[in-house]
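Below are the chains, spelled out letter by letter.
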Amino acid sequence: MADEPVLAVDDRGQVVVATLNRPHKGNALNRSLIEALGELASDVEKRWSEPAGPRALVITGAGEKAFCAGADISNLDGIDAATAREFMRRGQLVFGQIEELPVVVIAALNGFALGGGLELAMAADIRIAGAGARVGQPEITLANLPGWGGTQRLPRLVGRGRATEMILTGDLLSAQDAFDIGLVNHVADDPLSAAISLAERIAARSKYAVEGAKRAIRVGLAEGVDAGLIAEADAVAACCETDEQHAAVQAFLHRKK
């Protein structure tokens, strides 16, 4: 329906479930959906500091066929270089917002995750794929290449050789093959339920520890081991000043023998 939001957001307390809501287009990413994802990321980050704020974000797709079929090709028809670059940079910035959220982000791949759809999934911390899902970067078949982070995130997840082959051939992988190379964390019959269950488990942990761990991992991958170790030490130090950490240590020390 024309009046339905392109991104349906279900706030379940500590877990926010966001559904890409263009099933008639394979949940393809157009400008409106990219902007909606950016607004969602800003809202989650803002509310994270609140006592009852969100602690996890799950992203999935409407319908049974696709998580996200990629960029809406109609947006690329006849596009000039300047407009294409701006569109790519905007998507990169939004996916970066999602990647840098202080909450855990889990992508529930309920179907095809292609091109920009896989790039969105790779901006998440964890990916859970349905058994029938297929993933890939098929931009090369349209005489182009990934533009929303695929050339950077995919090698970091699966290694340079596998990433280069996927990008240069455009071949798609089954959910099991994606699991075997570490591109997805789990394969599940119901990826959304599995994602929500995992999100709830992580949401029950210290929000400061989750945020610190995410930041240390991200810094280490981007800036190298030395910078990552400093970020790690800083995060541990910050956690040691929280009431949560004090209570957890005391509970451990006074547990029943």
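Residues numbered from 1 in each chain as written. Predicted model: local features only at pLDDT ≥ 70, side-chain atom pairs only at ≥ 80, totals over all residues. Heavy atoms only, no water.

### Some details on the overall build of the chain
Within the chain, the regular secondary structure consists of ten helices and ten strands. In terms of C-alpha radius of gyration, the chain reaches 19 Å, essentially the compact-globule figure of 18 Å for 257 residues. With the C-alpha coordinates aligned to their principal axes, the bounding extent of the chain is approximately 65 × 45 × 35 Å. Here the chain holds 257 residues, and the buried ones make up 45% of them. Considering only contacts within the chain whose residues lie at least 6 apart along the sequence, 70% involve residues at least 24 apart. For the chain, the exposed surface amounts to about 13,400 Å²; the carbon and sulfur share of it is 54%. (Helix = DSSP H or I, 4+ residues; strand = E, 2+ residues; numbered from the N terminus. Rg over C-alpha atoms; globule rule 2.2 N^0.38 Å. Buried < 20%, exposed > 50% of the residue type's maximum accessible area, 1.4 Å probe, protein only. Contact = heavy atoms within 4.5 Å. Areas by Shrake-Rupley, 256 points an atom, 1.4 Å probe, with all protein chains shown as cover.)

### Side note on the sheet that holds strand β3 (residues 56-61)
One key point about sheets: their strands pair by backbone hydrogen bonds, in either a parallel or an antiparallel sense. Spatially, β1-β2-β3-β5-β7-β10 is the arrangement adopted by the six strands of the open sheet, whose pairing is mixed. On the outer flanks of this sheet lie β1 (7-12) and β10 (186-188), each paired with one strand and no other. Ignoring strand direction, the axes of neighbouring strands in this sheet form an average angle of 20°. Strand direction decides the pairing type here: β1 and strand β2 (residues 15-20), joined by six bridges, are antiparallel. Its bridge partner being in β2, Ala8 is matched across the sheet by Thr19. (Pairing = 2+ DSSP bridges. Axes fitted to C-alpha atoms, helices over the stretch in contact; angles between N-to-C directions.)

### Examining the pairing of strand β7 (residues 126-130)
Judged by how many residues are buried, β7 sits mostly within the fold: five of five residues are covered. Pairing of strand β5 (residues 104-109) with β7, which is carried by four bridges, proceeds in the parallel orientation. The partner of Leu109 across the bridge, within β7, is Ala129. Of the strand pairs in this sheet, β7 and β10 are connected by three bridges, and their pairing is parallel. In the sheet register, Gly130 faces β10, and the bridge partner there is Ala188.

### Some points on the sheet that holds strand β8 (residues 134-136)
Taken together, the four strands give an open sheet; going across it, the order is β4-β6-β8-β9, and neighbouring strands pair in mixed fashion. The open sheet has two edge strands with one neighbour each: β4 (66-68) and β9 (172-174). The average undirected angle you get between the axes of adjacent strands in this sheet is 20°. Direction of pairing for β8 relative to β9: antiparallel, over a ladder of three bridges. Its bridge partner lying in β9, Arg134 is registered against Ser174.

### Quick look at the environment of Asp190
Position of Asp190 among the secondary structure elements: in the loop between β10 and α7 (191-203). Judged by its relative accessible area of 41%, Asp190 falls in the partly exposed class. A C-alpha to C-alpha distance of 9.5 Å links Asp190 and Leu109, two positions 81 residues apart in sequence.

### Some points on α7
Here α7 spans 18 Å end to end across 13 residues, near enough to the 18 Å set by a 1.5 Å rise per residue. Those residues of α7 that fall on the buried side of the exposure criterion are Pro191, Ala195, Ile196, Leu198, Ala199 and Ala203. An end-on view of α7 places all buried positions within 165° of arc, on one side of the element. (Expected span 1.5 Å × (residues − 1). Arc of directions from axis to C-beta.)

### Structural notes on the side chain of Thr60
Along the chain, Thr60 turns up in strand β3. According to the relative accessible area criterion, Thr60 is buried, its value standing at 4%. Here Ala108 takes part through its backbone oxygen, which lies 3.0 Å from a polar atom of the side chain of Thr60. Aside from chain neighbours lying at most four places away, what touches Thr60 is Ala18, Thr19, Leu20, Phe67, Ala108, Asn110 and Leu192. (Polar contact = N/O pair within 3.5 Å; in protein donor to acceptor, adjacent residues only side chain to side chain.)

### Considering helix α4 (residues 150-158)
Listing the buried residues of α4 in full gives Gly150, Arg153, Leu154 and Val158. Viewed end-on, α4 has its buried residues packed into an arc of 105°, placing them on one side of the element. Elements in contact with the buried residues of α4: α2 (81-99), α3 (116-123) and α5 (160-169). Note on α4: the residue one or two positions beyond its end, Gly159, has a positive phi of about 95°.

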